[in-house]
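Structural features, examined
Below are the chains, spelled out letter by letter.
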Amino acid sequence: MSTFAKPENALKRAEELINVGQKQDALQALHDLITSKRYRAWQKPLERIMFKYVELCVDLRRGRFAKDGLIQYRIVCQQVNVTSLEEVIKHFMHLSTEKAEEARSHSQALEEALDVDDLEADKRPEDLMLSYVSGEKGKERSDRELVTPWFKFLWETYRTVLEILRNNSKLEALYAMTAHRAFQFCKQYKRTTEFRRLCEIIRNHLANLNKYRDQRDRPDISAPESLQLYLDTRFEQLKVATELELWQEAFRSIEDIHGLMFMVKKTPKASLMVVYYAKLTEIFWISSSYLYHAYAWLKLFTLQKSFNKNLSQKDLQMIASSVVLAALAVTPYDHTYGASHLELENEKERNLRMANLIGFNLDLKPESREVLSRPSLLSELVSKGVMSCVTQEVKDLYHLLEHEFLPLDLAAKVQPLLSKISKLGGKLGSASSLPEVHLSQYVPALEKLATLRLLQQVSRVYQTMKIESLSQMIPFFDFSAVEKISVDAVKRNFIAMKVDHMKLAVLFSTPGLESDDLRDHLTVFAESLNKARAMIYPPTKKSSKLGEILPGLGEIVDKEHRILLARKSIIEKRKEEQERQLLEMEREEESRRLKQLKITEEAEHKRLAAEYEQRNRQRILREIEERELEEAQALLEEQEKRSKRKGGKKPILEGEKVTKQILMERALSEQLRERQEMEKKFQKLAKTMDYLERAKREEAAPLIEAAFQQRLVEEKALHEHEQQLETELSRQRHDGDLKEKYRLSRMLENKIIFEERVKSRREAEFNQRKAEREERINQIIQARKQEREALRKKIFFVSSEEERLNKLREEEEARKLEEAERRRKEEAERKAKLDEIAEKQRQRERELEEKERVRREALLGRTTDGPLRPSELPAGPDPGTAAPAAAAAAAPAPAKYVPRFRRGGTEGSAPAPPETDKWGGGSSRPAPPPDSDKWSSGARQATADADRWGGGGRWGSGDSKPDDRNPPGDRWGGGSKSTWSSSRPRGR
């Protein structure tokens, strides 16, 4: 190791070595100086040395040397001059970038030159063998040998700088700039592997920053400047990830941004949030998560509408159309149908995670099965007014797919709208933060939705349909694609259909037709219909042969029914037990699988860690051996040069094995010998210099004393001369001041007069302005008094008017209450009167029935003697008695009961029918009586009885009104509709 008295000497030595072509030795000399503990204080020459040092590291592509030197220089200038470290690092990156660009300019086939998967990986043995066997020569090999190493070194430069600058509050801006340049490097040259490593490095830096909070010079993320730098870095990472189409890294970048926002409890600017949600829509669209994609679009639309006031109406319309089409692109069925409990829990956790990323609040209660859903999204679009901003084509498409029922014309009406929508979109205006919007990407999903809606609507109308007809109704896909779509829909219980390829037909049914609720509902409906039918058409009692044969059939049926119910309950319990056992087995299998996976991952981690440790040990040993070999070679060369310069013999014998230990011993002995000789020379030189210095001082002593005395005389004369000049100048200055005083004393009176005049003028002006101000204040006070008076009058008027209106309203309500009470009392009185009249009518009918019963008993007593023959019938009555009887039969009293055989006779000619015709079923029924008042009361009684029996089972259907019931004439065996309508009660 070389030692230098000053850092400048090391720099000169390095330049000399560079001039003779020994750059490696120059780099080693500067490295020894920088890593030496002797120079721990920052000096300006150290900065020049670092500039030269990084230049040599770049020329020789020594990344490890550059990293060691920069770390040591950071320790030196961390607390003194951080700007110097920043300049050195910028110079280092600038040189690395220049070299890489220079190598790129020399290459004509960059794509072949950079066709390397991993810049950090060494050459594999199979690649070397393939290059030798294939005879790769010429330009391809030169490209690989020239361009790829420089890009490897540039990548190593970025990693080194990020490692040095990490978690340093004074170098945050440089850290962010380096990260941005590394992202641009990965983007420009399509370095996906390096981009993943770069993202992981930055992620680990942030994790360590949160883990070790007691570090010195630790950045404060909650500070606005630091937070903005970190957010800018993460957003640049997100943009590059999407441009490289690394969607997994883009999603992890989204999680990094969300975690950073959650860590500091602050929301970024609206412009950054627009980029956040725009990239989130791309990620969800690529991952086919259409529901989350639609929610991200809705959030983006809300941000643009709220914060971007310069957004044009056309751009807002395009963004709103994208939101609605994204919502429609979500499949209309539940993807978790038929899933297990574990899958449902995973889906719930995934919903929570995604909703946190989107920024929605979720209520994860056990009873809420899904949080983010398509119906809630569509209702939110309507409630937030998104539908009012979309284009007319999108609005028509939304109504067709969500609200219309057109099973035959749906596809024909949707297809032209989709063709128009596919032509919409393009670049947005400069005021929008989004570059462009493409609506054509939603067309395939909308075609699938239209197909599902058509199948759903057709399944509600048809039970069977030919495949050819269904294919003609769906012009978007061929039948094989429709069949694939329908399989997924049937699996999710959206539709129920079967395809019969032998009959070339599609069979539709209703999903869930055999559900318990629907079956019970149909059973109850059938029982109600049977009861109504039994009330309208009462069954005739017939002797049942089966009842005679099997007298205990009812008990047997009940017993079998109970057995079947018990068997059904046992089967249900067994099914539940089997499902519980299957679920338990699935849980145990999942736990075993997770445990085995955890054991495998731990073993893999241990194996990888062991391999990593082994590789590190081998690398360290190899580096130590290489360093020892280099140091031994350098010592050997230095010793040879020294021996040649001194003309001595060679220190190494021929045939002797050269090792570092031998060279070190020889070098130490040589240095000891040289140091002893040098000390002897220094002692001799010091003695000579001591004698010489003593002789010079003895000769110079009298000369110094003489010069001192002469200097005293000269300074005394100079002092006296300066005193005389100062006295003369003071006298002249005093005379001038007296003349100036006399000249100005003549103007004193004029000065006093002018001063009085100015004061009087200013006082008058002040008084005038004061009066004006007081007058203006009085006017303002008067105006405010008038305003307050007017306001008081207005308030008094409004309060009076409100009191008057309230009083009128209360009087009106009291009047309405009194009117309602009066009507209620009248209704009660009227009802009491009607009940009294009905009671009198029922009493009269009972009396008439009692008389009829007595008369029938008398008639039955007469007929016991035997029926009369026709020849024994009495002759017609005499005219004296016939006329009163006919008159009585023709005009009965209004309140008297008329028997049936008296109602059918003619006036004065037809006798009463014999009793045998009545009881034997002889002649036709007579006409109803013309006494309408009597039959009206009977109709009211029949109506009341029908209402009491349960709703019109005897007199008519339960849905008819009291006025439309069957007339009482049907009850007595006669009458017609015309007679009944003439005798209908008017009060009802």
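- You'll find the protein chain entered in an unreviewed UniProt entry as Eukaryotic translation initiation factor 3 subunit A, with Salix udensis given as the organism.
- According to the UniProt record, the Sequence similarities (unreviewed entry) comment for the protein chain reads "Belongs to the eIF-3 subunit A family."
- The Subunit (unreviewed entry) field of the UniProt record for the protein chain holds the comment "Component of the eukaryotic translation initiation factor 3 (eIF-3) complex."

1. Topic: the overall build of the protein chain
- Within the protein chain, the secondary structure is distributed over 33 helices and five strands.
- Expressed as a percentage of the 988 residues in the protein chain, the buried residues total 29%.
- Long-range pairs, those at least 24 residues apart, make up 71% of the contacts in the protein chain with a sequence separation of at least 6.
- Here the protein chain has roughly 67900 Å² of accessible surface; of this, 54% comes from carbon and sulfur atoms.

2. Topic: helix α2 (residues 23–35)
- Its 13 residues place the ends of α2 18 Å apart at the C-alpha level, agreeing with the 18 Å of an ideal helix rising 1.5 Å per residue.
- Residues Ala26, Leu27, Ala29, Leu30, His31, Asp32, Leu33 and Ile34 constitute the buried set of α2.
- Packed against the buried residues of α2 are α1 (7–19), α3 (44–60) and α4 (63–77).

3. With respect to the pairing of strand β5 (residues 505–509)
- Here strand β3 (residues 464–466) runs beside β5; their pairing, made up of three bridges, is antiparallel. Its bridge partner lying in β5, Met465 is registered against Val506.
- Taken together, the five bridges between strand β4 (residues 496–500) and β5 define a ladder with antiparallel strand orientation. Residue pairing across strands places Val499 opposite Val506, the latter belonging to β5.

4. Details of the state of the cysteines
- Tallied over the full model, the rule gives zero disulfides.
- Free of any disulfide, Cys186 has its nearest cysteine sulfur in Cys199, 7.9 Å distant.

5. Topic: the confidence of the model for the protein chain
- Overall, the prediction assigns the protein chain a mean pLDDT of 77, with 76% of residues at 70 or greater.
- Per-element mean pLDDT across the protein chain ranges from 38 in helix α33 (residues 977–982) up to 92 in helix α27 (residues 748–863).
- For the stretch residues 132–139, pLDDT sits under 50, and the model shows seven contacts to residues farther than four places along the chain or on other chains.
- When the criterion is pLDDT under 50, residues 863–895 qualifies, and its contacts beyond four places in sequence or with other chains add up to 12 contacts.

6. Remarks on the sheet that holds β5
- The antiparallel open sheet is built from three strands, whose spatial order is β3-β5-β4. Both outer strands of the open sheet, β3 and β4, are each paired with one neighbouring strand and no more. Across the sheet, the axes of successive neighbouring strands diverge by a mean angle of 20°, strand direction being ignored.

7. Topic: the environment of Leu85
- Position of Leu85 relative to the elements: it lies in helix α5 (residues 82–106).
- In this structure Leu85 comes out as buried when scored by relative accessible area, which is 1%.
- Through-space distance from the C-alpha of Leu85 to that of Ile75 is 9.8 Å; in sequence the pair is 10 residues apart.
- Leave out the neighbours within four places in its chain, and Leu85 touches Leu70, Tyr73, Arg74, Cys77 and Leu171.

8. Quick word on a negative patch on the surface
- A surface patch of negative charge is lined by Glu625, Glu626, Glu628 and Glu630.
- Note on placement: Glu625 falls in helix α25 (residues 553–646).
- The class for Glu625 is exposed, based on a relative accessible area of 55%.

9. Quick look at the packing of aromatic side chains
- Tallying each qualifying case throughout the model produces 13 aromatic pairs.
- Summarising the aromatic geometry, the rings of Trp150 and Phe153 are spaced 6.2 Å apart at their centres and angled 90° between planes, so their arrangement reads as edge-to-face. Of this pair, Trp150 and Phe153 both sit in helix α8 (residues 139–165), three residues apart, roughly one helical turn. Judged on exposure class, the residue Trp150 and its partner Phe153 are both buried.

10. Comments concerning the side chain of Asp256
- Position of Asp256 relative to the elements: it lies in helix α12 (residues 247–264).
- For Asp256, the side chain forms a polar contact with the side chain of Arg203, separated by 2.8 Å.
- Sequence-distant contacts of Asp256, defined by excluding residues within four places in its chain, comprise Arg203, Arg234 and Gln237.

11. Looking at the pattern of salt bridges
- Tallying each qualifying case throughout the model produces 50 salt bridges.
- We note a salt bridge from Arg856 to Glu852, for which the minimum N-O separation is 3.3 Å. Highlighted residues: Arg856 and Glu852, both in helix α27, separated by four residues, approximately one helical turn.

12. With respect to the packing of α3 against α4
- Where α3 contacts α4, the two axes come as close as 10 Å, and the packing angle between them is 165°. As summarised for this structure, α3 and α4 are arranged roughly antiparallel, according to the angle between their axes. Of the two elements, α3 crosses α4, and the hand of that crossing is left-handed. Packed against α3, whose contacting residues are Leu46, Glu47, Met50, Tyr53, Val54 and Cys57, the element α4 presents Phe65, Ala66, Gly69, Leu70, Tyr73 and Val76 at the interface.
- Of the residues belonging to the contact of α3 with α4, the class tally is 10 nonpolar, one polar and one charged.

13. Concerning α4
- Its 15 residues give α4 an end-to-end C-alpha distance of 21 Å, which sits within 8% of 21 Å, the value for a rise of 1.5 Å per residue.
- Turning to α4, its buried residues number three or more, namely Gly63, Phe65, Ala66, Gly69, Leu70, Gln72, Tyr73, Val76 and Cys77.

14. Here's the deal with unusual backbone geometry
- Despite not being glycine, Glu245 has its phi angle at roughly 60°, a positive value.
- When you line up the elements, Glu245 lands in the loop between α11 (224–243) and α12.
- With relative accessibility at 57%, the residue Glu245 sits in the exposed group.
- With a phi close to 65°, Asn493 is a non-glycine residue in the positive phi region.
- When you line up the elements, Asn493 lands in the loop between α22 (479–491) and β4.

15. A look at the side chain of His31
- Within the secondary structure, His31 sits in helix α2.
- In contact with His31, not counting residues within four places along its chain, are Tyr53, Phe65 and Asp68.

16. Quick look at the packing of helix α18 (residues 392–402) against helix α19 (residues 410–423)
- In contact at an axis separation of 10 Å, α18 and α19 are set at 155° when each is read in the N-to-C sense. If you check the angle between α18 and α19, you find them roughly antiparallel. With respect to the hand of their crossing, α18 and α19 are arranged in left-handed fashion. In this structure, α18 contributes Glu393, Val394, Asp396, Leu397, Leu400 and Leu401 to the contact, and α19 contributes Leu410, Lys413, Val414, Leu417, Leu418, Lys420 and Ile421.

The rules behind the values
- Here the residue index of a chain counts from 1 through its sequence in written order.
- Local features in this predicted model are restricted to residues whose pLDDT is 70 or higher, and side-chain atom pairs enter the listing and the counts only when it is 80 or higher, whereas totals over whole chains, interfaces and linings include all residues.
- As a rule here, side-chain values cover all heavy atoms of the structure and leave hydrogens and water aside.
- UniProt positions are given in the numbering used here, feature names are shortened, and annotations may be inferred rather than shown by experiment.
- Secondary structure elements follow DSSP: runs of H or I of four or more residues count as helices, runs of E of two or more count as strands, with numbering from the N terminus.
- Relative accessibility under 20% of the residue-type maximum defines a buried residue, over 50% an exposed one, and the middle range a partly exposed one, all with a 1.4 Å probe and only protein chains included.
- Contact between two residues is taken to exist if any of their heavy atoms lie within 4.5 Å; hydrogens are not considered.
- Each accessible area value is a Shrake-Rupley result obtained with a 1.4 Å probe; residue values ignore everything except the protein chains displayed when judging cover.
- By this rule, a helix spans an expected 1.5 Å times one less than how many residues it contains.
- Whether two strands pair comes down to DSSP finding at least two bridges between them.
- The rule for a disulfide is simple: a pair of cysteine sulfur atoms within 2.5 Å.
- How sure the predictor is of each residue is captured by pLDDT, a score from 0 to 100.
- Each axis is a line fitted through C-alpha atoms, taken for helices only over the stretch in contact, and angles between the N-to-C directions span 0 to 180 degrees.
- Residues enter a patch when their relative accessible area is above 30% and they make no salt bridge; the linking distance is 9 Å between like charges and 5 Å between nonpolar side chains (Val, Leu, Ile, Met, Phe, Trp, Tyr).
- We count a salt bridge whenever a side-chain nitrogen from Lys or Arg sits within 4 Å of a carboxyl oxygen from Asp or Glu.
- Only four residue types enter the tally: Lys and Arg on the positive side, Asp and Glu on the negative side, with His and both chain ends excluded.
- Charge positions come from single atoms, namely NZ of Lys, CZ of Arg, CG of Asp or CD of Glu.
- To pair, rings of Phe, Tyr and Trp, with the six-membered ring standing in for Trp, must have centres within 6.5 Å; the planes then decide the type, stacked if under 30 degrees apart, edge-to-face if over 60, and tilted in the middle.
- Polar contacts, as counted here, are pairs of nitrogen or oxygen atoms within 3.5 Å of one another; within protein the pair requires one atom able to donate a hydrogen and one able to accept it, and residues that are adjacent in sequence qualify only if both atoms are side-chain atoms.
- The labels follow the angle: roughly parallel below 35 degrees, roughly antiparallel above 145, roughly perpendicular from 65 to 115, and oblique for the rest.
- Working rule for handedness: look at the near helix, and if it is turned counterclockwise from the far one by less than a right angle, call the crossing left-handed; if clockwise, right-handed.
- Three categories are distinguished: nonpolar for Ala, Val, Leu, Ile, Met, Phe, Trp, Tyr, Cys and Pro, charged for Asp, Glu, Lys and Arg, and polar for the others, with Gly belonging to the last.

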